[in-house]
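Spelled out from the first residue to the last, the chains are:
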Amino acid sequence: MSDATPPVPPILSDKHHESPSAFTPESLLREARRQKGADTVAVPKVCLLDPDGDIVRQLRADGHAQRHQGWVCYHTDMWVFDLGGHEIGVVGCAVGAPFAVLVAEEMFASGCELLLSVTSSGQITPQGAPPYFILIDQAWRDEGTSYHYLPPSYWSAAPEGLLSRLDSAFENGPRVLTGATWTTDAPFRETEAAIAAARSRGILAVEMEAAALYAFAKARDRDVICLAHVTNQMGTIEGDFEKGEANGTADALAVVSRIIARLC
């Protein structure tokens, strides 16, 4: 074993992006169903990732969500609820790029056709006082998962065909901006120098999933839209991390509902 610095770091070497994976979500789900004695039951066509888990907790507390009995992912539970006449499957607490993409792969393998993610995020370039939302059009790839799906680049972009259909979708509702975020794997390594560099690139907020989810979407030809719920200034002020009424659930679902109305 050598301690020499490799000419290409492992995260960028031997990826073969055009080659199929030997391990697939379909095979994992097949074996999970066998072990659990579960039938094959499709998930709703529209699914939601709720990394903070606040949406799931509020829906359950209000009696508005039922467990999806056919969801066999080893790591999570899926809950099903109605939103404006659309059946939605939501998974909470899948935090960070690797976990979010693992769950996304299994959702699409189980019948999902549109995936939305609403993750809390820290303010980088001030756009007024939090909380507010950002429809993420591109994310700076400062995480590891995206490099398994796409060759190196600075940005991971939202599906253009979906973004164009969301023009003016958020008028007279919760505040939603469109812009770029920085996706990091290490929230406690957001140094002042890194924050300044992100701000110089026009980045509005920092989060932990979008770059990977958009890379997955492009590589696998999936429909994914990511939202950042800007809730904090990274603890730099007292009283930070407040989402609003019911932990921001009503506003988050109002924004999600408008997206679904345009895309479904």
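Residues numbered from 1 in each chain as written. Predicted model: local features only at pLDDT ≥ 70, side-chain atom pairs only at ≥ 80, totals over all residues. Heavy atoms only, no water.

(A) Just the overall build of the chain, in detail. Counting its secondary structure elements, the chain contains 7 helices and 10 strands. Taking 18 Å as the expected radius of gyration for a compact globule of 264 residues, we find that the chain reaches 18 Å, a close match to that expectation. For the C-alpha atoms alone, the extent of the chain along its principal axes is close to 55 × 50 × 35 Å. The 264 residues of the chain split such that 49% are buried. Here the analysis covers contacts within the chain between residues at least 6 apart in sequence; of these, 78% occur between residues at least 24 apart. (Helix = DSSP H or I, 4+ residues; strand = E, 2+ residues; numbered from the N terminus. Rg over C-alpha atoms; globule rule 2.2 N^0.38 Å. Buried < 20%, exposed > 50% of the residue type's maximum accessible area, 1.4 Å probe, protein only. Contact = heavy atoms within 4.5 Å.)

(B) Structural view of the packing of helix α3 (residues 97-109) against helix α6 (residues 210-220). Where α3 meets α6, the closest approach of the two axes is 9 Å, and the angle between their N-to-C directions is 35°. Crossing of α3 over α6 shows right-handed handedness. Where α3 approaches α6, its residues Ala-97, Ala-100, Val-101, Ala-104, Glu-105 and Phe-108 are matched on the opposing element by Ala-212, Leu-213, Phe-216 and Arg-220. A breakdown of the residues in the contact of α3 with α6 according to their chemical character gives 8 nonpolar, no polar and 2 charged. (Axes fitted to C-alpha atoms, helices over the stretch in contact; angles between N-to-C directions. Left-handed = near helix turned anticlockwise from the far one by under 90°. Nonpolar A, V, L, I, M, F, W, Y, C, P; charged D, E, K, R; others polar.)

(C) Summary view of the pattern of salt bridges. For the coordinates displayed, the defined rule picks out 5 salt bridges. In this structure, Glu-31 and Arg-30 form a salt bridge, with 2.7 Å as the shortest nitrogen-oxygen distance. Between Asp-54 and Arg-57 there is a salt bridge whose closest N-O contact spans 2.9 Å. Taken together, the residues Asp-54 and Arg-57, both in helix α2 (residues 54-61) and 3 residues apart, mark about one turn of the helix. When salt bridges with common partners are traced through the structure, they connect Arg-30, Glu-31 and Arg-34 into a single cluster. (Salt bridge = Lys/Arg side-chain N within 4 Å of Asp/Glu carboxyl O.)

(D) Structural view of the pairing of strand β8 (residues 176-184). Of all 9 residues making up β8, 8 are buried, and the element is well covered by its neighbours. As paired elements, strand β6 (residues 132-142) and β8 share 9 bridges and run parallel to each other. Bridge assignment links Gln-138 to a residue of β8, and that residue is Ala-180. Pairing between β8 and strand β9 (residues 205-207): 3 bridges, direction parallel. (Pairing = 2+ DSSP bridges.)

(E) Quick look at the packing of aromatic side chains. Counting across every chain of the model gives 4 aromatic pairs. Consider the rings of Trp-140 and Trp-155, whose centres lie 5.0 Å apart with planes at 75°: the pair is edge-to-face. Residue Trp-140 is located in strand β6, and its partner Trp-155 is located in strand β7 (residues 155-157); the two are separated by 15 residues in the primary sequence. Between Tyr-149 and Phe-216 the ring centres are 5.9 Å apart and the planes differ by 90°, which places this aromatic pair in the edge-to-face class. Linking Tyr-149 in the loop between β6 and β7 with Phe-216 in helix α6, this pair joins segments that are 67 residues apart in sequence. Here Tyr-149 falls in the buried class, since its relative accessible area comes to 18%. On the accessibility criterion, Phe-216 (0% relative accessible area) is buried. Geometry around Tyr-147 places Arg-141 over its ring, the cationic atom sitting 4.1 Å from the centre. The side chain of Arg-175 reaches across the aromatic face of Tyr-132, ending 5.2 Å from its centre. (Phe/Tyr/Trp six-rings, centres within 6.5 Å; stacked < 30°, edge-to-face > 60°. Lys NZ or Arg CZ within 6 Å of the ring centre and 35° of its normal.)

(F) Representation of the nonpolar core. Of all hydrophobic cores here, the largest spans 70 residues; its most connected members are Leu-48, Met-107 and Leu-115. Per-element tally for this core: the top contributor is α6, with 8 residues. Residue contacts for Leu-115: discarding those within four places in its chain leaves Cys-47, Leu-48, Leu-49, Ala-104, Met-107, Phe-108, Leu-213, Asp-223, Val-224 and Ile-225. (Core = buried A, V, L, I, M, F, W, Y, C linked by side-chain atoms within 4.5 Å.)

It is worth stressing that arrangement in space is one thing and function is another; only the former is reported here.
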